[in-house]
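Commentary on secondary and tertiary structure
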Amino acid sequence: MPAQPKATLEKILELLGFNAAVEEHPLDDGILLDVKSEDSGRLIGRQGQTLSDLQYITNRLLFQQDPASPKVMVDVSGYRAQAREALIKKARDAAGKVRRWGDIVELEPLSAFDRRIVHNTVKDDPDIETYSVEVEGTDKKVVLFRPRR
């Protein structure tokens, strides 16, 4: 039976006690499930952690139903879009500092999802290279920007 991303997320939210509507939108590399709820703050969580966990659980359940199911990105009231724009701006600012001063610039610890956004933002920049470096004692890594050699 093919996985049903929208129905799966709606069921998870219902079981968690959230009254929410889910809209499904196609993406280049998967599906976006946009959640509309009165309780969006609780669904997003601190620094988007609850939202990330919700996305992880949804993808795991879908994969168990159908290993060929597309990747799902879960967003709540446009939070990820806003966070993504802020992250892209931060990456461009860091690249600008490296270009201007020639020093290594380090961003705060980021999730794998966020690091991917940062790396993709500057991947075509001929003057800048980026690396992910593990932060001891956490599951997160920082992104280092430095001049390309």
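Okay, so let's go over this structure. Fair warning: this is a prediction, and the values are worked out from it, not measured in the lab. (Residues numbered from 1 in each chain as written. Predicted model: local features only at pLDDT ≥ 70, side-chain atom pairs only at ≥ 80, totals over all residues. Heavy atoms only, no water.)

If you trace the three strands from one edge of the open sheet to the other, you get β1-β2-β3, paired in mixed fashion. Two strands in the sheet have a free side with no partner beyond their single neighbour: β1 (20-27) and β3 (72-76). Mean inter-strand twist for the sheet, computed between neighbouring axes without regard to direction, equals 25°. Across eight bridges, the pairing between β1 and strand β2 (residues 30-37) is antiparallel. Bridge assignment links Glu 23 to a residue of β2, and that residue is Asp 34. (Pairing = 2+ DSSP bridges. Helix = DSSP H or I, 4+ residues; strand = E, 2+ residues; numbered from the N terminus. Axes fitted to C-alpha atoms, helices over the stretch in contact; angles between N-to-C directions.)

Our focus in this paragraph is the sheet that holds strand β6 (residues 141-147). With antiparallel pairing, three strands are arranged side by side in an open sheet as β4-β6-β5. Each edge of the open sheet carries a strand with a single partner, namely β4 (105-106) and β5 (128-134). Across seven bridges, β5 lies against β6 in antiparallel orientation. Bridge pairing in β6 links Val 133 to Val 142. Across the sheet, helix α4 (residues 79-101) touches β4, β5 and β6, and the angle it forms with β6 is around 40°. (Contact = heavy atoms within 4.5 Å.)

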